[in-house]
Amino acid sequence: MATSINVTKDNELARELNTISLFVISAALLVAFYYQLALFSLPCPLCLLQRVGLILIGCGFLFNVRFGIKSAHYGIALIGCVVTGSISARQMFLHILPGDPGYGSPFLGLHFYTWALLSSIIAVVAIAVMMMLSKERPTTEETISLPLLGKISMVLFSLMIVANLISTVLECGVGQCADNPTFYLLLGH
Amino acid sequence: MYMFLPFLIALGTVLSTIVGKKKLSYILWLILLVISLFWFKHHATDQLNLSF
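Here the residue numbering is sequential within each chain, running from 1 through the sequence in written order. In the order they appear in the text, chains get letters beginning with A and ligands get numbers beginning with 1. Thresholds applied to this predicted model are a pLDDT of at least 70 for local features of residues and 80 or more for the giving and counting of side-chain atom pairs; totals over whole chains, interfaces and linings are not thresholded and use all residues. By convention in this description, side-chain values take in all heavy atoms of the structure and omit both hydrogens and water.

J.: I'd like a rundown of the nonpolar core, residues and numbers included.
T.: In this structure, Ile55, Phe61 and Phe157 of chain A are the most contacted members of the largest nonpolar core, which totals 58 residues. Segments assigned H or I by DSSP are reported as helices when at least four residues long, segments assigned E as strands when at least two residues long, and all are numbered from the N terminus. Of all elements in the fold, only helix H2 (12–38), helix H3 (45–67), helix H4 (71–94), helix H5 (112–133) and helix H6 (148–172) of chain A together with helix H1 (4–18) and helix H2 (22–43) of chain B reach the threshold of two or more residues within this core. With 15 residues, the single largest contributor to this core is H3 of chain A. Two residues form a contact once any of their heavy atoms are found within 4.5 Å. Apart from residues lying up to four places away in sequence, Phe157 of chain A is in contact with Leu22, Ile25, Ser26, Leu29, Ile55, Gly58, Cys59 and Leu62 of chain A together with Val14 of chain B. Throughout, nonpolar core names a set of buried Ala, Val, Leu, Ile, Met, Phe, Trp, Tyr and Cys residues whose side chains join them through atoms within 4.5 Å. Exposure classes here rest on a 1.4 Å probe applied to the protein chains alone. A residue is buried below 20% of its type maximum, exposed above 50%, and partly exposed in between.

Set out below in structure tokens:
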């Protein structure tokens, strides 16, 4: 039993870093959501898929926070990075030609798809550092005690997914989204 | 395509993680990945007029 406690303690730093990463992913989703609501900037299908990509990355961090540190969970987050990067690169190439105003409102001088590509590259580096700082040991469910901050990060992440689910249903109904959406389908404006 | 579906599956993944259902969480994440890639392929139809 004493060993189990040590195992949890050993990876405290890695767990904290994963919790922080989960907060960062939720914050990124929150910023995108704020722009959608405040500036009435409706997300296109590729924009929504980039949010899904961020959620795929977040799931890797979430698994580490909830189930304990595993290299498989980092692998999950890395695959999420590749998916997010690919989708955002595709959208960036669509608007890369000179004179193209880009899609949507820029944030700190860059469009959201460019930020998504940069974020996925930064996430790869962050995951690499976290993997270096993590110690993978055999753990059991019982050894995982969830700190309050970890619980808050999980709830916040869930809330962001619920918010995106509701807004997507309002925007696109239960079908396909328009390529350049200008109004919420279910709200009629 | 049903754009709400990835978010619905993501919600299922997170909820199953929170209640501690490890295997179900992994399976749902995998389904989410496959659907995301499939939706991406569906929406990336225009030929890019760029040289690589």
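J.: If you had to explain the interface of chain B and chain A to someone new, which residues and values would you point to?
T.: Taken together, the contact pairs 34 residues of chain B with 42 residues of chain A. Note: buried area is the sum, over both parts, of the accessible area (probe 1.4 Å) each one loses when the two are combined. At the boundary of chain B with chain A, total buried surface from both sides reaches about 3,400 Å², with 80% on carbon and sulfur atoms. The salt bridge criterion pairs a side-chain nitrogen of Lys or Arg with a carboxyl oxygen of Asp or Glu, the two atoms within 4 Å. Inspection of the region where chain B meets chain A yields 0 salt bridges. Under this definition, polar contacts are N or O atom pairs within 3.5 Å; protein pairs additionally need one hydrogen-donor-capable and one acceptor-capable atom, and for neighbouring residues in sequence, both atoms have to be side-chain atoms. Along the contact surface separating chain B from chain A lie 4 residue pairs in polar contact (both at pLDDT 80 or more). Secondary-structure elements contributing two or more residues to the side of chain B that touches chain A are H1 and H2 of chain B. Ten residues, namely Ala, Val, Leu, Ile, Met, Phe, Trp, Tyr, Cys and Pro, are considered nonpolar, four, namely Asp, Glu, Lys and Arg, are considered charged, and the remaining ones, Gly among them, are considered polar. A per-class count over the side of chain B that touches chain A returns 23 nonpolar, 8 polar and 3 charged.

J.: Describe the packing of aromatic side chains, listing the residues and the values that go with them.
T.: Pairing of aromatic rings covers Phe, Tyr and the six-membered ring of Trp, with a centre-to-centre limit of 6.5 Å; geometry is then stacked below 30 degrees between planes, edge-to-face above 60, and tilted otherwise. Overall, the coordinates contain 9 aromatic pairs over all chains when judged by the stated rule. With 5.3 Å between their ring centres and 80° between their planes, Phe63 of chain A and Tyr26 of chain B make a pair best called edge-to-face. Of this pair, Phe63 of chain A sits in helix H3 while Tyr26 of chain B sits in helix H2, each in a different chain. Under the relative-accessibility criterion, Phe63 of chain A is labelled buried at 0%. Note on Phe67 of chain A and Tyr26 of chain B: the rings are 6.2 Å apart at their centroids and 80° apart in plane angle, and the pair reads as edge-to-face. Here Tyr26 of chain B lies in helix H2 and Phe67 of chain A lies in helix H3, a pairing that spans two chains. The exposure class of Tyr26 of chain B is partly exposed, given its relative accessible area of 26%. Cluster of aromatic residues (ring-pair linked, three or more members): Tyr34, Tyr35, Phe107, Phe112 and Trp115 of chain A.

J.: Run through the side chain of Asn11 of chain A, naming residues and quoting values.
T.: Residue and element names in this part refer to chain A. With respect to the helices and strands, the residue Asn11 is situated in the loop between helix H1 (2–10) and H2. Judged by relative accessible area, which is 6%, Asn11 ranks as buried. In this view, Asn11 contacts Ile69, Ser134 and Lys135; residues no more than four positions away in its chain are not counted.

J.: Would you mind going over a nonpolar patch on the surface in detail, with residue names and values included?
T.: All names here are of chain A. What makes a patch is a set of residues exposed beyond 30% relative accessible area and free of salt bridges, joined within 9 Å when like-charged and within 5 Å when nonpolar (Val, Leu, Ile, Met, Phe, Trp, Tyr). The accessible surface values rely on the Shrake-Rupley method and a 1.4 Å probe; as for residues, cover is taken only from the protein chains in view. A surface patch of nonpolar side chains, about 470 Å² in accessible area, is lined by Leu13, Val125, Val129, Met132 and Leu133. The leading source of residues in the nonpolar patch is H5, at 4 residues. Locating Leu13 in the fold gives a position in helix H2.

J.: Now, about the packing of H4 of chain A against H5 of chain A: what can you tell me, with residues and values included?
T.: All names here are of chain A. The geometry of H4 relative to H5 is characterised by a closest axis approach of 8 Å and an angle of 160° between their N-to-C directions. One way to sum up the angle between H4 and H5 is to call them roughly antiparallel. Seen along the crossing, H4 lies across H5 with a hand that is left-handed. Across from Ser71, Tyr74, Ala77, Leu78, Cys81, Thr84, Gly85, Ser88, Ala89, Gln91 and Met92 in H4, the residues of H5 making contact are Tyr113, Thr114, Ala116, Leu117, Ser120, Ala123, Val124, Ile127, Met130 and Met131. For the contact of H4 with H5, the class distribution of residues is 14 nonpolar, 7 polar and no charged. Between the N-to-C directions of two axes lies an angle of 0 to 180 degrees, each axis being a line fitted to C-alpha atoms and, for a helix, fitted only over the stretch in contact. The scheme is simple: roughly parallel for angles under 35 degrees, roughly antiparallel for over 145, roughly perpendicular for 65 to 115, oblique for anything else. If you view the pair so one helix is near and one far, a crossing is left-handed when the near helix is turned anticlockwise from the far one by less than a right angle, and right-handed when it is turned clockwise.

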